Amino acid sequence: MQNPEQQVAEDEQDTADSNRLPTIDDWANIKDCDIMQQQSAIQAEEAHKLPYVGDKEPLSVLEVEYQSGSPILQKKIKTLSEGFAFVRRTRGDGNCFFRCFMFSYLEHVLELQDKTEVERMKGKVEECRKTLQNLGYVDFTFEDFFALYLDQLESVIQGTEASISQDELVTKCRDQSISDYVVMFFRFVTSGEIKKRSEFYEPFILGLSNCTVDQFCKTSVEPMGEESDHVHITALSDALGVPIRVMYLDRSSCDSGVGVNHHDFLPGAADLQQGSDSGSSAVKPYITLLYRPGHYDILYSK
Amino acid sequence: MAEEKYNRKNPAVKRILQELKEMQSNPSDDFMSLPLEENIFEWQFAIRGPRDTEFGGGIYHGRIQLPAEYPFKPPAFMLLTPNGRFETQTKICLSISNHHPEHWQPSWSVRTALVALIAFMPTNPDGALGSLDYKKEERRTLAVKSREAAPKFGNAERQKLIDEIHQYMLSKAPPIPDSPQQTSDENSSTREDQQLEGESPNADVAPVIERQPNPEANDRVVHDLREVHLNANAGPVRVSFRAGVSVSRRVPNAEDANQPSWRNNNTRAPKPADDRLFTWAAIGLTIAIVVLLLKKFLKSSGHDTVSMGGF
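Predicted model, so just to flag it, every value in this text is computed and none were measured.

Rules and cut-offs
Residues numbered from 1 in each chain as written. Chains lettered and ligands numbered in written order. Predicted model: local features only at pLDDT ≥ 70, side-chain atom pairs only at ≥ 80, totals over all residues. Heavy atoms only, no water. Helix = DSSP H or I, 4+ residues; strand = E, 2+ residues; numbered from the N terminus. Buried < 20%, exposed > 50% of the residue type's maximum accessible area, 1.4 Å probe, protein only. Polar contact = N/O pair within 3.5 Å; in protein donor to acceptor, adjacent residues only side chain to side chain. Contact = heavy atoms within 4.5 Å. Pairing = 2+ DSSP bridges. Axes fitted to C-alpha atoms, helices over the stretch in contact; angles between N-to-C directions. UniProt positions renumbered as here; feature names shortened; annotations may be inferred.

## As for unusual backbone geometry
Glycine aside, residues mostly have negative phi angles, and peptide bonds mostly take the trans form.
Phase 1 of the analysis: With omega at 5 degrees, the peptide bond leading from Y70 of chain B into P71 of chain B counts as cis.
Phase 2 of the analysis: Checked against the element boundaries, P71 of chain B lands in the loop between β3 (59-65) and β4 (76-79).
Phase 3 of the analysis: With phi around 55 degrees, N210 of chain A is a residue other than glycine that occupies positive phi space.
Phase 4 of the analysis: Mapped onto the secondary structure, N210 of chain A falls in the loop between α10 (198-209) and α11 (213-221).
Phase 5 of the analysis: Judged by its relative accessible area of 63%, N210 of chain A falls in the exposed class.
Phase 6 of the analysis: Of note, Q89 of chain B is a non-glycine position whose phi angle comes to about 55 degrees, a positive value.

Next up, the structure:
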């Protein structure tokens with residue numbers, strides 16, 4: 001990160017900051033840039049607490065976390081621990097879903113050395129590129145993000161100069177200049193998918209935020225740090241053809257005891273509902289995320 | 001050249017070089033922007049004041065600072081030319097809009113931001129920090145003055161770049177329609193010429209906007225433009241200003257009233273083919289209107305102008 005040109009830019013930034021806006025004396029005068037500044041200060045603080053992608057930890061850390069918490073949650077964690085052995089936390093910076101997906105997917109490919117999956121994914125990435133082009137995005141605004149993702153995808157397959165180990169994958173996913181680029185790649189893909197199938201997503205988006213599909217993508221998908229919802233997950237899963245399972249750790253309970261709800265996001269599920277054929281969509285999700293209201297982490301099966 | 005000095009693997013540098021390349025291969029008449037040779041994160045730019053506003057014909061210089069985290073963090077814009085809308089040497093917050101806080105998005109670019117800045121100029125500052133609310137006459141005076149010389153700023157290398165950009169903009173931006181020769185005689189052929197002259201650059205606006213990376217950003221820009229036009233036509237300020245510079249009052253006013261409608265059609269049209277269609281329809285319509293107005297104007301034999309003195 002200490003490249004000379006960045007140093008120069010940072011210096012420039014400093015000089016610019018010194019003649020910045022006067023201090024805030026009136027709440028009415030707070031502009032969005034002030035808010036953004038404060039937000040980035042908070043984010044910087046948060047960064048010290050947890051890397052983008054944390055270490056693999058035994059599930060018991062959750063038990064410790066909720067020691068004095070709600071009994072329902074404690075029960076659910078117990079249920080979870082029957083099926084899952086480890087959890088990997090991600091930073092709660094609004095990008096956690098995408099970050100989880102990035103690590104979990106790449107780790108999966110790395111472990112299985114699944115070359116056919118890499119080829120399949122490359123095909124999907126090309127489809128996404130075309131989607132964005134058809135939507136009127138200028139190539140240079142998304143090219144870098146695509147290229148960087150494809151690099152990561154290649155690097156998890158062993159046997160080339162660029163190959164990386166699992167530890168290196170962790171390091172890369174913690175490196176902002178890679179991690180954020182891949183997150184942004186997913187944001188582009190998600191946005192493109194939602195816009196491409198806007199008639200399908202419109203009712204969900206209306207229910208969620210009462211705005212148009214385009215506005216939704218502009219305010220809730222493309223900007224970094226905007227949290228993901230089931231719309232994002234559905235769109236990303238569909239666009240890349242990767243099934244995702246989400247375990248919900250919340251305080252909901254039902255009469256038949258405390259079970260942990262889960263939802264599978266299966267690519268093409270929407271098509272199936274509409275009766276059209278989508279082939280082998282009945283894949284079992286290999287990416288499992290733990291959802292706690294407002295946040296996603298990665299779960300590892302036993 | 002700058003490119004050799006920088007680590008092309010650095011994603012920010014890579015992106016910036018790509019934007020530069022794109023900017024150079026699709027030059028615009030409305031703005032020009034280039035990085036300093038010594039620092040690719042520092043750009044100089046000039047924009048042309050939006051036409052049909054008090055900034056029309058003005059050439060406004062400024063600098064852009066791209067953060068090391070670009071394109072994740074937004075570029076900072078500062079104007080150097082006194083303009084009466086933004087304070088000079090103060091960061092302009094382009095991400096703001098009155099209704100929704102617009103977050104910067106990596107799919108935007110220096111180009112998008114410059115287009116937004118142009119659209120921003122005629123909007124009401126609403127007391128925002130870094131904004132100025134000069135009277136239209138003062139802004140117009142500054143616009144005229146802005147063409148005379150580029151601002152003096154920075155070291156010799158930067159100054160050279162500023163001057164270069166100024167020359168380019170001068171060659172692209174038509175002079176301010178403030179000079180007496182335009183209003184002196186009003187026979188039908190010159191009127192039509194002026195109309196077409198005023199129109200062809202306008203017709204260029206659509207393709208320029210078309211090239212914008214983010215379709216949403218366009219919406220906003222177009223939306224702002226629309227507002228701008230409404231404002232320009234709404235108040236008596238505009239009319240009285242017009243009365244000050246032009247001999248024949250009725251014709252330009254009537255034109256103004258017609259302009260927004262076809263221009264909106266023009267910019268709103270989503271496809272290039274439609275654009276062309278609308279543009280030609282608009283040109284035809286405007287010519288017809290001008291001819292009709294001239295007929296009427298000639299009929300009322302020009303003595304009628306006194307009756308407009310009320311403004």
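Back to the text.
## Quick notes on the side chain of E54 of chain B
Residues and elements named next belong to chain B.
Phase 1 of the analysis: Locating E54 in the fold gives a position in the loop between β2 (42-48) and β3.
Phase 2 of the analysis: For E54, a relative accessible area of 6% gives the class buried.
Phase 3 of the analysis: A polar atom in the side chain of E54 sits 2.8 Å from the side chain of R139.
Phase 4 of the analysis: If near-sequence neighbours (up to four positions away) are discounted, E54 is found in contact with K136, R139, R140 and A143.

## Structural notes on the sheet that holds β4 of chain B
Residues and elements named next belong to chain B.
Phase 1 of the analysis: Across the sheet, which stays open at both edges, the five strands sit in the order β1-β2-β3-β4-β5 with antiparallel pairing between neighbours. The two strands at the open ends of the sheet, each matched to only one other strand, are β1 (31-35) and β5 (91-92).
Phase 2 of the analysis: Across five bridges, β1 lies against β2 in antiparallel orientation. Note on β2: the bridge partner recorded for S33 is F45.
Phase 3 of the analysis: Along the sheet, helix α3 (residues 110-120) makes contact with β1, β2, β3, β4 and β5, crossing β2 at roughly 40 degrees.

## A short note on the UniProt feature "site: Interacts with free ubiquitin" (unreviewed entry) in chain A
Residues and elements named next belong to chain A.
Phase 1 of the analysis: If you check UniProt for "site: Interacts with free ubiquitin" (unreviewed entry), the listed places come out as Y248, D250, Y291 and Y296 in our numbering. These residues run over 49 residues, yet every pair of their C-alpha atoms falls within 12.1 Å of each other.
Phase 2 of the analysis: Residues in contact with Y291, not counting those within four places in the same chain, are V246, M247, Y248, L249 and Y296.
Phase 3 of the analysis: Look at Y296 and you get buried, because its relative accessible area is 5%.
Phase 4 of the analysis: Apart from residues no more than four positions distant in its own chain, Y296 is found in contact with T90, C96, F97, C100, S228, I233, V246, L289, L290 and Y291.

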